[in-house]
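Report on the structure
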Protein chains: 2
Amino acid sequence: MAGPDEQDERAFLEGYDPRAYDPVAVTVDVVALTIRDGALHVLLVRRGEPPFAGMWALPGGFVRGVRDAEDLPEAAVRELAEETGVSAEGGPLERVHLEQLGTYGAPGRDPRMRVVSVAYLAFAPELPDPEAGGDAADAAWTPVDALGLTEAGDQRPGTTRRLAFDHARIVSDGLERARSKLEYTPLATAFCAPEFTIPELRAVYEAVWGEELHAGNFHRKVLSVPGFVESTGGTADRGGRRGGPRPKLYRAGDARLLHPALLRPSREEEIR
Amino acid sequence: MAGPDEQDERAFLEGYDPRAYDPVAVTVDVVALTIRDGALHVLLVRRGEPPFAGMWALPGGFVRGVRDAEDLPEAAVRELAEETGVSAEGGPLERVHLEQLGTYGAPGRDPRMRVVSVAYLAFAPELPDPEAGGDAADAAWTPVDALGLTEAGDQRPGTTRRLAFDHARIVSDGLERARSKLEYTPLATAFCAPEFTIPELRAVYEAVWGEELHAGNFHRKVLSVPGFVESTGGTADRGGRRGGPRPKLYRAGDARLLHPALLRPSREEEIR
DNA sequence: CTGAGTTCATCTCAGCTTGAGAACAACATA
DNA sequence: TATGTTGTTCTCAAGCTGAGATGAACTCAG
């Protein structure tokens, strides 16, 4: 049945106070990614209380609903700022790219109550350690390789850093989104300093995609895509770590989409 | 501030009963797309009650949180089935593709209370009119061109079918997602009958992208992408509407990604 | 039944992009 | 100073794309 009955039901429910009806809590979780020492890292916090005490989880928390009501991206920025220990205004978070990743609301994903969590994905340039002077075990940038994530979105047996709730699935989805976004948007520049070199940009792609790229072809491609990068005219202070000429400096261009896209080589195998 | 303070705050909030804390309601809305008479249509319902009485809205409703708790896709399928008047089991909904589109939670988007809405996107083959025997003004497939949507996600002045809440933004996002998905996934087949012809598939692309495609190149491309379509060996009953040979029949292949992708021609202009 | 116009399916061809490799100068380090 | 590494630019073959042409199969009007 539809139509009149459904209309009546919706009108009824919409006029109902949800406090008295069916309590669902809304949280935001943030998958914040950065690159350190050439490896992709995700920001995690260690849980102090049950459930999942001692396990690692994404930074996040409740959305302020009515008192100090905030929009969802606001809540994500607030949580990220609180966990990272830096202010969102004027600080390093200014240059962080933030986008919605997805919403996770399966019954039972939180054993205490019904929680619907809106996950956000953040791309950050190298940021300081979270609360460097505090308890180092509470929050840390963690190499994603150390999480033992499988394609199915869970963790391999034997992995020491266990993730709480369904956060392994959320991190997996975030990584896949990041890998995909690097293909057709210029967001790799969000992992770099304001001025960067082509080899630095290539290192970002290699860290996120987990495979080496042909330096010559990458260089040609990046310069041939309109609006991806623009030259600053400058040159880096020194050459590569183990030699080589000083690379030229670039900054992010004004393109929002890469055309043609930079496709990852390994894509062939994942198609089916 | 982060670390210990933040930990305490989260532990405090997580143990808190949200009913007594900060009430946020969770709903699902469905952007159901289909193709009728060669044009892209979206399923809309007319609101009978304020706010926005008489305006059109996406089918949707509250997620069942604790009593009869359901997952978010379940809620979307239930709402879609209720509004469409067909059963999800065994009926035409079996072949509907459903994916999460995004979550909309700006304060004030519903004037009555704080509502966070998880939007789903559905691709459907041609379905019957919603509750054909009932009040025809209550639910209807609407040509998306009749909504006067702008790139900014609102409606042009003078458009007669006004959308309630922020549903113009949600529909706009759904359309952009659909256009994009057709490029790199075989989901155009979700708009077709189980067996279809290449010209029918091309009509889907032309309806969603809103531009004509080169028939010869499209044909070559579809057949050259591995796993996009597979031949049934059969032939359609008759030729095109105004003549031509009987086209061959195909069914959807097993590819989940199109490689190489089918890029829309107009992409060049939207890049910046 | 016939002729005109339409459509499916395939082919051709020039232009562009890609992947792989080579070359060479500039540089770090021992 | 010698050696190995790296940034940048070429070259070349292979593949893909857009635009157009062709001919057979078909619908429909007269």
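Here's a quick rundown of the structure. (Residues numbered from 1 in each chain as written. Chains lettered and ligands numbered in written order. Predicted model: local features only at pLDDT ≥ 70, side-chain atom pairs only at ≥ 80, totals over all residues. Heavy atoms only, no water.)

With that settled, the discussion passes to the protein's contact with DNA strand C. Neighbouring residues of DNA strand C: 25 residues in total, closest His214(A), Lys221(A), Gly244(A), Pro245(B) and Lys248(B). Between Arg241(A) and DNA strand C, the recorded distance is 3.5 Å, taken from a backbone N or O atom to a sugar or linking oxygen. In this structure, Gly244(B) approaches DNA strand C through a main-chain N or O atom, which is 3.1 Å from a base oxygen. Counting only elements with at least two residues in the surface near DNA strand C, the list comes to helix H5 (215-224) of chain A together with helix H4 (198-209) and helix H5 (215-224) of chain B. Here the surface near DNA strand C is built from residues that sort into five nonpolar, ten polar and ten charged. (Near = heavy atom within 4 Å. Polar contact = N/O pair within 3.5 Å; in protein donor to acceptor, adjacent residues only side chain to side chain. Helix = DSSP H or I, 4+ residues; strand = E, 2+ residues; numbered from the N terminus. Nonpolar A, V, L, I, M, F, W, Y, C, P; charged D, E, K, R; others polar.)

On to the environment of Asp22(A), then. Topologically, Asp22(A) is positioned in the loop between helix H1 (4-14) and strand E1 (25-36). A C-alpha to C-alpha distance of 25 Å links Asp22(A) and Ile170(A), two positions 148 residues apart in sequence. Beyond its immediate chain neighbours, meaning those up to four positions away, Asp22(A) contacts Val63(B), Arg64(B), Gly65(B), Val66(B) and Arg67(B). (Contact = heavy atoms within 4.5 Å.)

To continue, consider the side chain of Glu70(B). Mapped onto the fold, Glu70(B) is located in the loop between strand E4 (60-62) and helix H2 (72-84). One polar contact links the side chain of Glu70(B) to the main-chain amide nitrogen of Arg64(B), over a distance of 3.0 Å. Among the polar contacts made by the side chain of Glu70(B), one reaches the side chain of Arg78(B) at a distance of 2.6 Å. Not counting the four nearest positions on each side in its chain, Glu70(B) is found in contact with Pro107(A), Arg114(A), Phe62(B), Val63(B), Arg64(B), Ala75(B) and Arg78(B).

Time to look at the pairing of strand E2 (residues 39-46) of chain A. Residues in a regular strand project their side chains so that they alternate between the two faces of the sheet. All names here are of chain A. Counting buried positions along E2 gives six out of eight residues, so the element sits mostly inside the fold. Bridge analysis of E1 against E2 gives four bridges, and the strand direction is antiparallel. Its bridge partner being in E2, Leu 33 is matched across the sheet by Val 42. The antiparallel hairpin formed by E1 and E2 contains two residues in its connecting segment, where Asp 37 sits at a positive phi of about 55 degrees. Sheet topology note: the E2/strand E3 (residues 56-57) ladder contains two bridges and is antiparallel. Paired with Val 45 across the bridge in E3 is Ala 57. (Buried < 20%, exposed > 50% of the residue type's maximum accessible area, 1.4 Å probe, protein only. Pairing = 2+ DSSP bridges.)

The subject of this paragraph is the environment of Gln100(B). Tracing the backbone through its elements, the reader meets Gln100(B) in strand E5 (residues 97-104). Each residue touching Gln100(B), except ones within four places of it in the same chain, is listed here: Gly102(A), Thr103(A), Leu72(B), Val118(B), Ala119(B), Tyr120(B) and Arg177(B). Polar side-chain contacts of Gln100(B) include one of 2.6 Å to the backbone nitrogen of Thr103(A).

Moving on, we get to the environment of Val118(B). Here Val118(B) shows up in strand E6 (residues 115-123). What makes Val118(B) buried here is its relative accessible area of 0%. When the C-alpha positions of Val118(B) and Pro194(B) are compared, they lie 30 Å apart, and in sequence the two are 76 residues distant. Aside from chain neighbours lying at most four places away, what touches Val118(B) is Thr103(A), Val26(B), Thr27(B), Val28(B), Asp29(B), Leu72(B), Gln100(B), Gly102(B) and Thr103(B).

Taken together, 24 residues form the shell around DNA strand D, and within it Pro245(A), Lys248(A), His214(B), Lys221(B) and Gly244(B) come nearest. When the atoms of DNA strand D within 4 Å of the protein are grouped by moiety, sugar and phosphate amount to 65% of the total. A distance of 3.2 Å separates a phosphate oxygen of DNA strand D from a polar side-chain atom of Arg242(A). Elements with a minimum of two residues in the surface near DNA strand D: helix H4 (198-209) and H5 of chain A together with H5 of chain B. Split by residue class, the surface near DNA strand D holds four nonpolar, ten polar and ten charged.

It is worth spelling out the packing of aromatic side chains at this point. Residues and elements named next belong to chain A. Applying the stated criterion across every chain yields a total of eight aromatic pairs over all chains. For the pair Tyr 205 and Phe 218, a centre-to-centre distance of 5.4 Å together with 65 degrees between the ring planes defines the contact as edge-to-face. In this pair, Tyr 205 is assigned in helix H4 and Phe 218 in helix H5, connecting sequence segments 13 residues apart. Overall, the relative accessible area of 0% leaves Tyr 205 in the buried class. Note on Phe 218: relative accessible area 3%, which makes it buried. Above the face of the Trp 56 ring, Arg 161 is positioned so that its terminal group lies 4.8 Å from the ring centre. (Phe/Tyr/Trp six-rings, centres within 6.5 Å; stacked < 30°, edge-to-face > 60°. Lys NZ or Arg CZ within 6 Å of the ring centre and 35° of its normal.)

Within this structure, the stated rule accounts for 26 salt bridges over all chains. Here Arg78(A) makes a salt bridge to Glu70(A), at a shortest N to O gap of 2.6 Å. The same class applies to Arg78(A) and to Glu70(A), which are both buried. Where Arg78(B) meets Glu79(B), a salt bridge forms, and the shortest distance between an N and an O atom there is 3.2 Å. Looking at Arg78(B), the relative accessible area reads 14%, which means it is buried. (Salt bridge = Lys/Arg side-chain N within 4 Å of Asp/Glu carboxyl O.)

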